Amino acid sequence: MRMRRIQGFWLSWLSYPCITLLIALMTAALRPLGSALDLVNIALIFLFPVLVSAVWWGLRPAVYAAFLAVLAFDFFFVPPTLSFSVADIRYLVSFAVYMAVASLTASLASRLKQQLRYSRQREAQTAALYSLSRQMSAITDLHALLDNVSREASRTMGAEVAIYLPDERSHLTLTHLSDLGSPWGKEESEKVIAKLAFDHGEAVGYGSDTLRNAQGYYLPLRTEDRVYGVLALNLKDRKFRFTSAQRQMLEALGGLAASAIARVKLAEEAKIAHLTAESERLRTAILDSVSHELRTPLAAIIGSATALTSGDDHLFNAEDRQELLVTIREGALRMNRLVMNLLSMAQLESGMLRLRKYWCDVEDLIGVALAQVKDFMQHRRLQVQLPPEPPMVLGDEVLLEQALVNVLSNAIKYSADHSEIGIAVSAHTDMLVIEVADRGIGLADGEYGRIFDKFYRAGAAKQVTGTGLGLAICKGIVELHDGTIAARRNEPQGTVITIRLPVHRPSGEALESERHDRQETELETDG
Amino acid sequence: MDEHDKRILIVDDEPQIRKLLRVTLQAYGFGIHEAATGEEGLKQASSIRPDLIVLDLGLPDLYGLEVLRRIREWSSAPIIVLTVKDREEDKIVALDSGADDYVTKPFGMGELVARIRVALRHAAHAVNEPVLSFGELTIDLVQRVVELKGVRIKLTPTEYDLLKILALSAGKVVTQRQLLQQVWGDQHGESDSHYLRVYIGHLRKKLEEDSTQPQLIVTEPGVGYRFRSRDS
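Residues numbered from 1 in each chain as written. Chains lettered and ligands numbered in written order. Predicted model: local features only at pLDDT ≥ 70, side-chain atom pairs only at ≥ 80, totals over all residues.

**So, the overall build of chain A**
The helix and strand tally for chain A stands at 13 helices and 12 strands. The burial tally for chain A puts 31% of its 527 residues in the buried class. (Helix = DSSP H or I, 4+ residues; strand = E, 2+ residues; numbered from the N terminus. Buried ≥ 20, exposed ≤ 12 C-beta atoms within 10 Å, placed from the backbone.)

**A word on the overall build of chain B**
In terms of helices and strands, chain B carries eight helices and 12 strands. Sequence separation of at least 24 residues holds for 55% of the intrachain contacts in chain B that already meet a minimum separation of 6. (Contact = placed C-beta atoms within 7 Å.)

**Thoughts on the sheet that holds strand 11 (residues 217-220) of chain B**
Residue and element names in this part refer to chain B. As summarised here, the arrangement of the three strands in space is 10-12-11, forming an open sheet in which the pairing is antiparallel. A strand with exactly one partner marks an edge of an open sheet, and here the two such strands are strand 10 (173-175) and strand 11. On average, each strand axis in the sheet is tilted by 30 degrees relative to the strand beside it, whichever way the strands run. Here strand 11 runs beside strand 12 (residues 224-227); their pairing, made up of four bridges, is antiparallel. Opposite isoleucine 217, over in strand 12, you have phenylalanine 227 as the bridge partner. (Pairing = 2+ DSSP bridges. Axes fitted to C-alpha atoms, helices over the stretch in contact; angles between N-to-C directions.)

**What to know about the pairing of strand 2 (residues 31-35) of chain B**
Residues and elements named next belong to chain B. Summarising the sheet, strand 1 (residues 7-11) and strand 2 pair through five bridges and their orientation is parallel. Paired with isoleucine 8 across the bridge in strand 2 is isoleucine 32. This β-α-β element, strand 1 to helix 1 (residues 15-27) to strand 2, shows right-handed connectivity. (Right-handed = clockwise from strand over helix to strand, strands pointing away.)

**Regarding the packing of helix 2 (residues 38-48) of chain B against helix 3 (residues 64-72) of chain B**
Residues and elements named next belong to chain B. Two numbers describe how helix 2 lies on helix 3: the axes approach to 10 Å, and their chain directions differ by 20 degrees. The angle between helix 2 and helix 3 falls in the class roughly parallel. Here the hand of the crossing between helix 2 and helix 3 comes out right-handed. Contacts between helix 2 and helix 3 involve Gly38, Gly41, Leu42 and Ala45 from the first element and Glu66, Val67, Arg70 and Ile71 from the second. Residue composition of the contact of helix 2 with helix 3, grouped by class: four nonpolar, two polar and two charged. (Parallel < 35°, antiparallel > 145°, perpendicular 65-115°, else oblique. Left-handed = near helix turned anticlockwise from the far one by under 90°. Nonpolar A, V, L, I, M, F, W, Y, C, P; charged D, E, K, R; others polar.)

**Side note on helix 5 (residues 90-138) of chain A**
Residue and element names in this part refer to chain A. Spanning 49 residues, helix 5 covers 72 Å between terminal C-alpha atoms, matching the ideal 72 Å at 1.5 Å per step. For helix 5, the full list of buried residues reads Tyr98, Ala102, Ala106, Ala109, Ser110, Leu132 and Met136. On its buried face, helix 5 is in contact with helix 2 (39-45), helix 3 (47-56), helix 4 (59-76), helix 6 (142-157) and helix 8 (244-308). (Expected span 1.5 Å × (residues − 1).)

**Quick look at the confidence of the model for chain A**
For any part of a model where pLDDT is low, the fine detail of the predicted coordinates should not be relied upon. All names here are of chain A. Overall, the prediction assigns chain A a mean pLDDT of 82, with 93% of residues at 70 or greater. pLDDT under 50 marks residues 509-515. Its contacts with residues more than four places away, or in other chains, come to nine contacts. Within the model, pLDDT remains below 50 along residues 522-527, and this stretch shows three contacts once partners closer than five positions in the same chain are excluded. (pLDDT = per-residue confidence, 0-100.)

**A few points about the nonpolar core**
All names here are of chain B. Ile53, Leu55, Ile79, Val81 and Leu163 are the most contacted members of the largest nonpolar core, which has 57 residues in total. Here this core gets seven residues from one element, more than from any other, and that element is helix 8 (residues 192-207). Lining this core are residues from two domains, each supplying at least three of them: domain 1 (7-124) and domain 2 (131-227). Residues contacting leucine 163, with those up to four places away along its chain left out, are Ile139, Val146, Leu155 and Leu203. (Core = buried A, V, L, I, M, F, W, Y, C linked by C-beta atoms within 7 Å. Domains from an automatic or database assignment.)

**A word on the packing of helix 6 of chain A against helix 8 of chain A**
Residues and elements named next belong to chain A. The contact between helix 6 and helix 8 brings their axes to 11 Å, and the two run at 180 degrees. Looking at the two axes, helix 6 sits roughly antiparallel to helix 8. Residue-level contacts link Leu142, Leu145, Val149, Glu152, Ala153, Thr156 and Met157 of helix 6 to Gln246, Met249, Leu250, Leu253, Ala257, Ala260, Ile261 and Val264 of helix 8. Its residues placed into classes, the contact of helix 6 with helix 8 shows 12 nonpolar, two polar and one charged.

**Overview of the environment of B:Glu129**
Tracing the chain through its elements places B:Glu129 in the loop between helix 5 (109-124) and strand 6 (131-134). By the C-beta count within 10 Å, which is 8 here, B:Glu129 ends up exposed.

**Notes on the pairing of strand 9 (residues 420-427) of chain A**
Successive residues of a regular strand alternate their side chains across the two faces of the sheet. All names here are of chain A. Direction of pairing for strand 7 (residues 381-385) relative to strand 9: parallel, over a ladder of five bridges. From the neighbouring strand, leucine 382 faces strand 9, where its bridge partner is isoleucine 421. Note that strand 9 and strand 10 (residues 431-437) share six bridges and pair antiparallel. Counted as the bridge partner of valine 425 is isoleucine 434 from strand 10. The hairpin formed by strand 9 and strand 10 contains three residues between the paired strands.

**Here we look at the sheet that holds strand 9 (residues 151-153) of chain B**
Whether parallel or antiparallel, the strands of a sheet pair through hydrogen bonds between backbone atoms. Residues and elements named next belong to chain B. Within the open sheet, the four strands sit side by side as 6-7-8-9. Their pairing is antiparallel. Both edges of this open sheet fall to strand 6 and strand 9, since each of them pairs with a single strand only. For this sheet, the mean inter-axis angle between neighbouring strands, taken without regard to orientation, is 25 degrees. Note: strand 8 (residues 145-148) against strand 9, three bridges, orientation antiparallel. Its bridge partner being in strand 9, leucine 148 is matched across the sheet by valine 151.

**Overview of the environment of B:Asp90**
Residues and elements named next belong to chain B. Structurally, aspartate 90 is set in helix 4 (residues 88-96). In sequence terms aspartate 90 and leucine 57 are 33 residues apart; their C-alpha atoms lie 8.1 Å from each other. Not counting residues up to four positions away in its chain, the partners in contact with aspartate 90 are Leu57 and Thr83.

**Comments concerning the confidence of the model for chain B**
Looking at chain B, the pLDDT average stands at 88 and 94% of residues meet or exceed 70. Interface scoring of the predicted complex returns ipTM 0.80; its pTM is 0.60.

**What about unusual backbone geometry?**
Phi is mostly negative for residues that are not glycine, and the peptide bonds are mostly trans. A cis geometry characterises the amide bond from A:Glu491 onward to A:Pro492, with omega recorded as 0 degrees. Structurally, A:Pro492 is set in the loop between strand 11 (484-489) and strand 12 (495-502). Here the amide bond leading from B:Lys105 into B:Pro106 is cis, since omega sits at -10 degrees, within 30 degrees of zero. Mapped onto the elements, B:Pro106 comes out in the loop between strand 5 (101-105) and helix 5. Residue A:Asp482 is not a glycine yet carries a positive backbone phi of 60 degrees. Take A:Asp482: it is sitting in the loop between helix 12 (470-480) and strand 11. Backbone geometry places B:Arg144, a non-glycine residue, at a positive phi of 55 degrees.

Structure representation (structure tokens):
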């Protein structure tokens, strides 16, 4: 800033010798032609340096040029030459006319120049504000936003910037400083002035109506209905007043910052409101689901057991007894599944789960999962497609198997007996993809993303018992393994669940062993 | 096998579970003794000298594993531990510390009785027959020849060793570490678990009808493998 001011100062002083030199040169050039040219033409030519000075250096150098030109014209060209005395008195009128024309042109030219400069400045300011507002509308983090505002303010004003925002208890606190090393902004007196600006919603300090002798300028960041904070400028080292353009820029910045802060705050509030509503919904869903899923099997167990222990041995025949006992067993197994699901969910959510990572053979995982669901399969036809050498996955065998069991159980639960269930594994360079496809009842279009939410039950699934935990657990497990899970429609009907797991290449040692293994086989064949 | 004179010690702090085990195992003809704490379990184990011990790992006084280690210091009676589902670490530690098998709570009685029978049979006589036969599969330990439905199966030396170890403990779970140690010795590294999987996969392709639904070599997730003979 100071550099530019010094430069301006030199430039304006340098103009005077330049003008003098220019006129001297012109005079020297015109002098031999003096007799050939008419004096009127020479007078017109002498308007030229005036115009040039007005456009380049402004009004004052132009007036100086006009004055010098008249003198030169009088001395060298108006008879008697080489004298300031004027023979013909009419020349005095000419001089006056010349001066009037020169100063008028000069003032017009310099005003034009000023307007040009002014509009350039405005353009730069508008561009700066525009880019800032674009940046700010993209920012959702309050800290980054304040950082941007303070950087821009400190750049345009050439001063340190501090921003005060109210905390939860509405106490104004220093939230941001452009220069963290500086002691300015941290003192109590500055906070008191900032508080004044915050409470009144009006600018306070240097050059304003209140505390105009203060060293800082405190601008409230306000929208129409609320003050969101205070932007303070340290003007201690400043020797000049604000220009009106700077003041306007500052006010525009303040307004922009206020609306951006308002936007971020509103977004935060909306998020909290949404979370509260969501947790409320979840609580209701948990209670509904758990109480229903616990009570139904409990009722069956208690009913059957009390009937069997009622004491009358002749009440039930052997077949009835067996049926009641099977009811008890099924009820207990159902409760066991619920308890296991709830525990898994709680473990996943609490982050208590420690992932035990081992090499897992996907064929093995599928085998174990199939063995688990074998009893529910009934007559559903199973198609398993595996690549010849499926890559190994580094993961927790027990959890991955649980995820597969949950997906397979769903495929079985929501599809008719005798329908087909397909498991297709495909290996990509860095991904292992497991697809489980059923020909079951399928899902509505909007439900494909939601079925992985906790306690969400698809509309068509309401008739089938379940807690809405199975797929949420799958999602948790797969994401623990840095994988993804998604659902889509199966053609012509049913659902496809796709699990993608990252593939880690084993170390060279293990690959070495596989090569070794091939050699072993050859040896045996030879023997 | 005569089970009527076999004595089983049950060490579990839950009266309900003890009652269930007592009633059912007595119905199967076993003689039942009970202990509610680890200390009592240790005392009874030394005075009764049971043929088999069913030990709950979650005891209130002593950690179940501690009881297991102290019994193993002087007794080789088979021990079956009871655990809850998501404690694979405990299962592995228990098996590697000398437990013969495990059953996960909640369990079906059929499963527990099968495990008890396998463990008692293994304890009664170490397998010293030269030829093991499991339905259509025979393993000639002398000739190192494996036949399935009368057809000779070509196995690599490593595959053969794995099959032998699993078959000799037929019905019992073998942990990954036990397999690695017996096949590759003490020098096995972390990455070896990768090629253990590879070899098991190869064995299944050669022996199983459908390698995605294995019947012979069954994975115990997170723990190891179990060679399933018909009666286990």
